[in-house]
Amino acid sequence: METTRWKLTNDAKIDAEAIHSAAELLLNGETVAFPTETVYGLGADATNEAAVAKIFQAKGRPQDNPLIAHVDSSAQLWRIVDYAPEYVEKLIEALSPGPVTYVLPSNGTCASNVTANLSTIAVRIPDHPAAQQLLQTCNIPIAAPSANISGRPSPTAAAHVWEDLQGKIAGLLDGGPTGVGVESTVIDCTQDIPIILRPGGVTREQLESLTGKAIIDPALAGEAAAPKSPGMKYRHYSPDVPLWLVEGNTEKLQQIISAEQHKGKRVGLLASTDTAAQLQADAKLSLGRDASEIAANLYESLRHFKSGEVDVIICEAIPQTGIGEAVMNRLKKAASMHLTE
Ligand code: AMP
Ligand code: MG
């Protein structure tokens, strides 16, 4: 399949034509990747089962991992869900459009493969001009997981989508790098209190200030066996080379790097700007100065070191507060080893 790639330019006329062509493909049951404020999504008509099946096919995504339905507004959100507890309206008012996904009882409008046959549906209103224009033009819910091969780091630039999915999807809207860099916060809104199923762009602190209380799915804290969010059990975000996530100070990081080099291994270092400046390794990449910068650079950084170039990636852990909670959730999944103190 030939993948059409449109570069968004900030020229309203050129961009409107690109969005129109992309919307036409989506309405015809094809898949199109598009930028959102979190990561690039791979979209298909959420009401068309055959179209949605093409997403699973292109990504190699396990069939039991449900997708997020993207809508342009709360009006469209209420068209695909059955009912919601009162606090959901408050959350939508404060946080949407934005990097947050609500899991709510489905009213059956979306195809059954969007929800992997669950009775609930995950819905999000993205806050990105291209995503908004695309959704408004289509005027249907668009199912869209991250636009990467399953198991690889999520795409935060059109080049990442191209690398993974060129020839497997009908179109790609290139809107430049995304902003937040980690995916949306997924919240189970079927109970009296919101339950965070996946940490993301909206922080636990933000949710608690709005609803008084938010619970983290016990499975995320490693206390229960089965995560409520089916996707959380799969291996994710894997770089080309094994990554060791290390909690500890610069001395400990340097010790581990030197020990591996002593065994003849070439070590790539991923660390915050300050730490990276203090350490010696075969190759270094700064993750950024603070948690927001690290989130924005995270997936690009995980794609940076290629096999053949280094044998192991040593990655510095960061504090699990604010958006750092989402960053550490992704790093733990990307890591083949997690060294704690
Ligand atoms: P992705 O689209 O790759 O960003 O992943 C979407 C995330 O939302 C995955 O972790 C899914 O398992 C989760 N998800 C989607 N629908 C539901 C649902 N109905 N209930 C719980 N989690 C869901
Ligand atoms: Mg994904």
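For the structure, check the block above.
Residues numbered from 1 in each chain as written. Chains lettered and ligands numbered in written order. Predicted model: local features only at pLDDT ≥ 70, side-chain atom pairs only at ≥ 80, totals over all residues. Heavy atoms only, no water.

Student: Mind showing me how you'd approach the pairing of strand S6 (residues 120-124) here?
Tutor: On a regular strand, each side chain points to the face opposite its neighbour's, so the side chains alternate between the two faces of the sheet. Across the five residues that make up S6, a large majority, five, are buried. In S6, alternate side chains face the same way, and those of Thr120, Ala122 and Arg124 on one face and Ile121 and Val123 on the other are all buried. Bridge count between strand S4 (residues 68-70) and S6: three bridges; the pairing is parallel. In the sheet register, isoleucine 68 faces S6, and the bridge partner there is alanine 122. Pairing between strand S5 (residues 100-105) and S6: five bridges, direction antiparallel. Across the sheet, residue tyrosine 102 finds its bridge partner in S6, namely valine 123. (Buried < 20%, exposed > 50% of the residue type's maximum accessible area, 1.4 Å probe, protein only. Helix = DSSP H or I, 4+ residues; strand = E, 2+ residues; numbered from the N terminus. Pairing = 2+ DSSP bridges.)

Student: Honestly, the sheet that holds strand S14 (residues 283-286) in this entry has me stumped. Any pointers?
Tutor: Strand pairing in a sheet relies on backbone hydrogen bonds. The paired strands run either parallel or antiparallel. Read across the open sheet, the five strands follow the order S14-S13-S15-S12-S16; overall the sheet is parallel. Of all strands in the sheet, those bounded by a partner on one side alone are S14 and strand S16 (337-339). Pairs of neighbouring strands in the sheet enclose a mean axial angle of 20 degrees, with direction left out of account. Bridging between strand S13 (residues 267-271) and strand S15 (residues 312-316) involves four bridges; their strand directions are parallel. Bridge pairing in S15 places leucine 270 opposite cysteine 315. Running over the sheet, helix H11 (residues 324-334) touches strand S12 (243-246), S15 and S16 and is turned about 135 degrees from S12. (Axes fitted to C-alpha atoms, helices over the stretch in contact; angles between N-to-C directions. Contact = heavy atoms within 4.5 Å.)

Student: What should I look at first to understand the side chain of arginine 124 in this one?
Tutor: Relative to the elements of secondary structure, arginine 124 occurs in strand S6. Of the polar contacts made by the side chain of arginine 124, one reaches the backbone oxygen of glycine 98; its length is 2.9 Å. Excluding its chain neighbours within four sequence positions, the residues that come into contact with arginine 124 are Thr36, Glu37, Thr38, Ile68, Ala69, His70, Val71, Gly98, Pro99, Val100, Thr101 and Ser184. (Polar contact = N/O pair within 3.5 Å; in protein donor to acceptor, adjacent residues only side chain to side chain.)

Keep in mind that these numbers describe shape and distance, not what the molecule does.
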